[in-house]
Amino acid sequence: MGESIVITSGKGGVGKTTTTANIGAALAMAGKSVCVIDADIGLRNLDIVLGLENRIVYDIVDVVTGVCRIKQALIKDKRFPNLFLLPAAQTKDKNAVNPDQMKELVEDLKKSHDYILVDCPAGIEQGFKNAIAGADRAIVVTTPEISAVRDADRIIGLLEASDIHDPRLIVNRLRVDMVKRGDMMNVEDIQDILAIDLIGVVPDDEEVVTSTNRGEPAVFRDHALSGMAFLNISKRIMGEEVDFLEFDVQESFFEKLKKAFSFGK
Amino acid sequence: MKKKSPVEFKGNINGLYLTVEENIAIDIIMISLKELLDKSADFYKGSSIVGCTGKHFTYTEKAGIESLISSYDIQVLSLEPLAPKVTPQKLKVEPPQVIEKEVIVEKEIIKSDTEFIYGTLRSGKRIDVAGNVVVFGDVNPGAEIIAGGNIVVLGKLKGFVHAGAYGNEGAVVVANYFAPTQIRISGYISVPPHDEKHENALHTEKAYVSEGIIKIEGIH
């Protein structure tokens, strides 16, 4: 019986889809059977980030309305045999699916996969409600910006109200140089406000832009720092204890600069 | 037989006042008030409303009622609970009424409860009570507490608070780390200063109304 995780944030553009694609790919690379679901009906992106948009025949709305069976809609990634994508519909909107249908769908998929990752749309309305239905756990993604953190706080409150407790935090697009200058919030400031356990910190990385355009998740490229961060997150999801990366390694090797960081191990 | 309206006009020596049944939703009250005004505004035209008994209203609700009544050419001098002290001018009838009202007001104060909240209040959460509030946790920016009484936060206060929301100027706000986005006590409003020294201090502070403004000082 698999585990379903919803990846949400409240704020748009903080990296939910990128995170879902990369963690999904990383878990599949580790041998797990993974199904990623794009719950952003009407504005689908997960297929593009994974490079699978040309292979879409059926989508999630077809499945819940009975036009096809789940297996017909799932797209198997040719690069990894145990990674599957259930795409969203592009020509409908979030009201085409309701939370009960979503819950049933996720329960069904849990029988045949180790991990179900649901890419939640931005916002707190129907799309969000659909995405969290049927989720066992939640990962909240935020960037180190006050607006994103404010929205993440709201989302955590809504998750707790829907009985999804103990969400984990990913801080995405961290710019270490700006944190050092005092221009950007650091991870501890964020944890102070949100008060949930950290599962990963991902640095701002140009590789993410190129990999999205290519349709190849950053975890596939060995040298990408963001890819390494996502790999570590996937290990922590599987229960391993992994130290948090120090991101200044490429920039400077003076001991005293390393001490200026405060993200914990 | 027509049902008794939850909103009625009554008169006393000082003028007209509104009686409103408690435990009725504000939108039903507004509808009943409009019906009442449509029926009888001509009769009351030119008079003034001096008070209101029964249900307690928030500031925004009172503003809505005031604008509705004013649109019918009836002046609204006040919507506060009727003062027990009525100027004794003529009749012996008045004093017994005054005493009754005093007792009612006291009972309401004694009855008002304190709401205890365990855990952090996250952004978007709103607490609205007639009595006091004690929070065992933080109040994050975006969270709102509106209380008729005092507000005590055993944690970091970073959200919005309104103490004494029904007119109690003696209400206080106390927090271990005092940095609300905005603070209101009764009809006074204030934004605490944002300075570096203050942000690092982790000592309990209290806000109260004095000399027409909200003052904040440390508690030792």
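Just so we're clear, the structure is a prediction, and the values are computed from it rather than from any experiment.

Draft legend 1. Looking closely at the overall build of chain B. Across its full length, chain B holds four helices and 15 strands. Evaluated residue by residue, chain B yields a buried proportion of 42% over its 220 residues. Partitioning the intrachain contacts of chain B with sequence separation of at least 6 by distance along the chain shows that 39% fall at a separation of at least 24. Summing over all exposed atoms, chain B offers an accessible surface of approximately 12700 Å²; the carbon and sulfur share of this is 55%.

Draft legend 2. Quick look at the interface of chain B and chain A. Across the contact, eight residues belong to chain B and 11 residues belong to chain A. Around 770 Å² of area is buried between chain B and chain A when both sides are counted, 37% of it from carbon and sulfur atoms. Considering only the side of chain B, the residues that lose the most area to chain A are Arg122, Ser123 and Pro141 of chain B, jointly responsible for 63% of the buried surface there. The interface formed by chain B and chain A holds three salt bridges in total. Note that glutamate 160 of chain A and arginine 122 of chain B form a salt bridge whose closest N and O atoms lie 3.9 Å from each other.

Draft legend 3. Molecular detail of unusual backbone geometry. All names here are of chain B. Look at asparagine 23: it is not a glycine, yet its phi comes out positive at around 60°. Summarising the element assignment, asparagine 23 is placed in the loop between β2 (15-20) and α1 (26-44). On the accessibility criterion, asparagine 23 (79% relative accessible area) is exposed. You will see that aspartate 73, though not glycine, has its phi angle at about 70°, which is positive.

Draft legend 4. Structural detail: the confidence of the model for chain B. Residue and element names in this part refer to chain B. Taken as a whole, chain B shows an average pLDDT of 81; of its residues, 81% reach a score of 70 or greater. Here helix α3 (residues 94-111) stands out as the element of chain B with the lowest mean pLDDT, 44, in contrast to strand β10 (residues 160-163), whose mean of 96 is the highest. Scored below 50 in pLDDT, residues 91-111 makes eight contacts in the model with residues more than four places away or belonging to other chains. For this predicted complex, the interface confidence comes out at an ipTM of 0.75, alongside a pTM of 0.70.

Draft legend 5. Quick look at the side chain of arginine 122 of chain B. Along the polypeptide, arginine 122 of chain B turns up in the loop between β5 (114-118) and β6 (126-129). Its relative accessible area of 8% is what places arginine 122 of chain B among the buried residues. Side-chain polar atoms of arginine 122 of chain B contact the side chain of aspartate 153 of chain A, separated by 2.7 Å.

Draft legend 6. Molecular detail of the packing of aromatic side chains. Residues and elements named next belong to chain B. In total, this model carries five aromatic pairs over all chains according to the counting rule given. With 4.8 Å between their ring centres and 65° between their planes, phenylalanine 9 and tyrosine 44 make a pair best called edge-to-face. Residue phenylalanine 9 is found in strand β1 (residues 7-12), and its partner tyrosine 44 is found in helix α1; the two are separated by 35 residues along the sequence. Note on phenylalanine 9: relative accessible area 10%, which makes it buried. Given a relative accessible area of 17%, tyrosine 44 falls into the buried group. Pairing phenylalanine 116 with phenylalanine 136 gives two aromatic rings, centres 6.1 Å apart and planes at 20°, and the pair type is stacked. In this pair, phenylalanine 116 sits in strand β5 while phenylalanine 136 sits in strand β7 (residues 132-136), placing the two residues 20 residues apart along the sequence. Owing to a relative accessible area of 46%, phenylalanine 116 belongs among the partly exposed residues under this scheme. The structure contains a cluster of three or more aromatic residues connected by ring pairs, namely Phe9, Phe43 and Tyr44.

About the criteria used
Residues numbered from 1 in each chain as written. Chains lettered and ligands numbered in written order. Predicted model: local features only at pLDDT ≥ 70, side-chain atom pairs only at ≥ 80, totals over all residues. Heavy atoms only, no water. Helix = DSSP H or I, 4+ residues; strand = E, 2+ residues; numbered from the N terminus. Buried < 20%, exposed > 50% of the residue type's maximum accessible area, 1.4 Å probe, protein only. Contact = heavy atoms within 4.5 Å. Areas by Shrake-Rupley, 256 points an atom, 1.4 Å probe, with all protein chains shown as cover. Buried area = accessible area lost by both parts, 1.4 Å probe. Salt bridge = Lys/Arg side-chain N within 4 Å of Asp/Glu carboxyl O. pLDDT = per-residue confidence, 0-100. Polar contact = N/O pair within 3.5 Å; in protein donor to acceptor, adjacent residues only side chain to side chain. Phe/Tyr/Trp six-rings, centres within 6.5 Å; stacked < 30°, edge-to-face > 60°.

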